[in-house]
Amino acid sequence: MVILEIREILKNVHMRSLLFLLSLCTGVLSAQSDSTYAERLGWPKGAKVLIMHVDDAGMSWDSNEGAIQALTKGVANSVSVMMPCGWVPGFVHQLKKYPEIDAGLHLTLTSEWDDYRWGPLSGKPAVPGLVDAEGALWPEVEDVVKNASADEVEQEIRAQLERARNMGFQPTHMDSHMGTLFASPAFLQRYVKVGIQERIPVMMPAGHCSMIAETNKLDVPTVGLLRSMGKTLWDNGLPVLDDLHNETYGMRIPPGLNDHQMQKLKTKLLLESFTRLKSG
């Protein structure tokens, strides 16, 4: 399991479990301040504060098991849950055994698998723009942007938050499945609005975000919009991250490797990428 080997390679990286998750951000060093958001949150100047995040909990039995093992036996220190999915009760019940775990909502507006689908918690009549012909959430982000209104998106965000609270699960943060909430300025505004009103930190970019900008080739208008939203969150007392490492999505793994070989290669690739992380 890669995450178990990572423990040794993080000796020179300043780690601490924060009670929030913000897992997407863009841009270069902020023109507004020389300090990172990590420094503004109280970390020493130059510190690298790493959140090892697991998402898609609640989607399946396997995702639940992987998340719990990573959080309790590895170095992962944050997780988020897909509230519309079928295995949510199993994960939330497990969470109650581990009250120290930082667990949030992986706000879900898409249903991307061919043979395993889920629908909106608001119900199809309330949010018709969020569902496809099968009555499930759209499979692609582009479909959501094309068909759904910002009002429908906000209603579904609140429905997912309501279900969590009804189950006795108070999320420590919110983020976005497949980045859907970042695909439309109108969606992004509602995401920020709910976070501020409910006093729940949301994943939002506003720091130097050098790695994520390079990896995803983000343009200047996108950086500007996200920084503006990040400043709004910060001004309202909610935290913001400096950068995101999501290069694992693009890892090129040759076919035919056994588990040990794959573990060794992924650990090597992660180690190499960590050396490029800037402070924050």
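For the structure, see preceding data.
Residues numbered from 1 in each chain as written. Predicted model: local features only at pLDDT ≥ 70, side-chain atom pairs only at ≥ 80, totals over all residues. Heavy atoms only, no water.

Focus: the overall build of the protein
Put simply, the rule is: Secondary structure elements are defined from DSSP: runs of H or I of at least 4 residues count as helices, runs of E of at least 2 residues count as strands, and each element is numbered from the N terminus. Two residues qualify as a contact provided that any one of their heavy atoms is within 4.5 Å of a heavy atom in the partner residue. All accessible areas in this document rest on Shrake-Rupley with a 1.4 Å probe, and a residue is counted as covered only by the protein chains that are shown.
Counting its regular elements, the protein contains ten helices and six strands. Restricting to contacts in the protein with at least 6 residues of sequence separation, those with at least 24 account for 78%. A total of about 13400 Å² of accessible surface is found on the protein, and carbon and sulfur atoms cover 53% of it.

So, the sheet that holds strand β6 (residues 174-176)
This is how it is decided: A strand pair is defined by DSSP finding two or more bridges across the two strands. In this description, a line fitted to the C-alpha atoms serves as the axis of each element, helices being fitted only across the stretch in contact, and the angle between N-to-C directions of two axes falls anywhere from 0 to 180 degrees.
Taken together, the four strands give an open sheet; going across it, the order is β3-β4-β5-β6, and neighbouring strands pair in parallel fashion. Pairing within the sheet leaves two strands with one partner each, and these edge strands are β3 (53-57) and β6. Within this sheet the neighbouring strands show an average axis-to-axis angle of 30°, counted without direction. Where β3 meets strand β4 (residues 78-81), three bridges bridge the pair, whose relative direction is parallel. Bridging across to β4, Val54 finds its partner in Val79.

Here's the deal with the nonpolar core
The line we're drawing: The set of buried Ala, Val, Leu, Ile, Met, Phe, Trp, Tyr and Cys residues whose side-chain atoms join them within 4.5 Å is what this entry labels a nonpolar core. Relative accessibility decides the category of a residue: with a 1.4 Å probe and only protein chains considered, values under 20% of the type maximum give buried, values over 50% give exposed, and everything between is partly exposed.
Ranked by internal contacts, the top residues of the largest apolar core, which has 63 residues, are Val79, Phe169, Leu181, Tyr191 and Met204. Ranked by residues supplied to this core, first place goes to helix α7 (residues 185-198) with six residues. With residues near it in sequence (within four places) discarded, Phe169 still touches Val81, Met83, Val92, Leu95, Ala103, Gly104, Leu105 and Ala164.

Things to note about the packing of aromatic side chains
Applicable threshold: Classification of ring pairs uses Phe, Tyr and Trp, with its six-membered ring standing for Trp, and accepts pairs whose centres are within 6.5 Å; under 30 degrees between planes counts as stacked, over 60 as edge-to-face, and the remaining range as tilted.
Per the counting criterion, the structure on display carries three aromatic pairs. Between Tyr37 and Trp234 the ring centres are 5.1 Å apart and the planes differ by 70°, which places this aromatic pair in the edge-to-face class. With Tyr37 in helix α2 (residues 37-40) and Trp234 in helix α9 (residues 220-235), this pair connects stretches of sequence that are 197 residues apart. Judged by relative accessible area, which is 3%, Tyr37 ranks as buried. For Trp234, a relative accessible area of 25% translates into the label partly exposed. Judged by centre distance (5.7 Å) and plane angle (70°), the ring pair of Phe182 and Tyr191 falls under edge-to-face.

Observations concerning helix α4 (residues 88-95)
Since there are 3.6 residues in each turn of an α-helix, residues three or four apart along the chain are aligned in direction. Applied cut-off: Directions pointing from the helix axis toward each C-beta atom define the arc.
If you check which residues of α4 are buried, you get Val88, Phe91, Val92, Gln94 and Leu95. End-on view of α4: buried residues confined to an arc of 160°, all on one side of the axis. Here the buried face of α4 lies against β3, α3 (61-73), β4, β5 (103-107) and α6 (150-166).

Considerations on the pattern of salt bridges
Quick reminder of the rule: When a carboxyl oxygen of Asp or Glu lies within 4 Å of a side-chain nitrogen of Lys or Arg, that pair is called a salt bridge.
Summed over the entire model, instances satisfying the criterion amount to ten salt bridges. Residue Asp151 pairs with Arg190 through a salt bridge whose shortest N-O separation is 2.8 Å. In this pair, Asp151 sits in helix α6 while Arg190 sits in helix α7, placing the two residues 39 residues apart along the sequence. For Glu198, the salt bridge is made with Arg165, and the minimal N-O distance between the two is 2.9 Å.

Some words on unusual backbone geometry
Even without glycine at this site, Asp56 takes up a positive phi of about 70°. Checked against the element boundaries, Asp56 lands in strand β3. The exposure class assigned to Asp56 is buried, which follows from its relative accessible area of 18%. You will see that Arg199, though not glycine, has its phi angle at about 60°, which is positive. Looking at the secondary structure, you find Arg199 in the loop between α7 and α8 (210-216).

Let's talk about a nonpolar patch on the surface
Spelled out, the test is: Grouping into patches uses exposed residues only, defined as over 30% relative accessible area, and leaves out salt-bridged ones; the cut-off is 9 Å for like charges and 5 Å for nonpolar side chains (Val, Leu, Ile, Met, Phe, Trp, Tyr).
Together, Trp61, Trp87, Trp113 and Tyr116 line one region of the surface with nonpolar side chains, adding up to about 460 Å² of accessible area. With respect to the helices and strands, Trp87 occurs in the loop between β4 and α4.

Quick word on the packing of α6 against α7
Quick reminder of the rule: Put simply, a crossing is left-handed when the front helix is turned counterclockwise from the back one by less than a right angle, and right-handed when it is turned clockwise. As a working rule, the residues Ala, Val, Leu, Ile, Met, Phe, Trp, Tyr, Cys and Pro are called nonpolar, Asp, Glu, Lys and Arg charged, and the rest polar, with Gly in that last group.
Interhelical geometry of α6 versus α7 gives an angle of 35° and a closest axis separation of 9 Å. Both α6 and α7 take part in a crossing whose hand is right-handed. Touching Ala150, Asp151, Val153, Glu154, Ile157, Arg158, Leu161 and Arg165 of α6 are Ala186, Phe187, Arg190, Tyr191, Lys193, Val194, Gln197 and Glu198, all from α7. A breakdown of the residues in the contact of α6 with α7 according to their chemical character gives eight nonpolar, one polar and seven charged.

Quick look at the pairing of β4
Rules: Note on handedness: a crossover is taken as right-handed if, strands pointing away from the viewer, the path from the first strand over the helix to the second is clockwise.
Neither face of β4 is left uncovered, since the one carrying Ser78 and Ser80 and the one carrying Val79 and Val81 both have all their residues buried. Taken together, β3, α3 and β4 constitute a β-α-β crossover, and its handedness is right-handed. As paired strands, β4 and β5 are joined by three bridges and run parallel to one another. Considered in β5, the bridge of Val79 is made with Ala103. Handedness of the crossover joining β4 and β5 through α4 is recorded here as right-handed.

In short, geometric facts, not functional conclusions.
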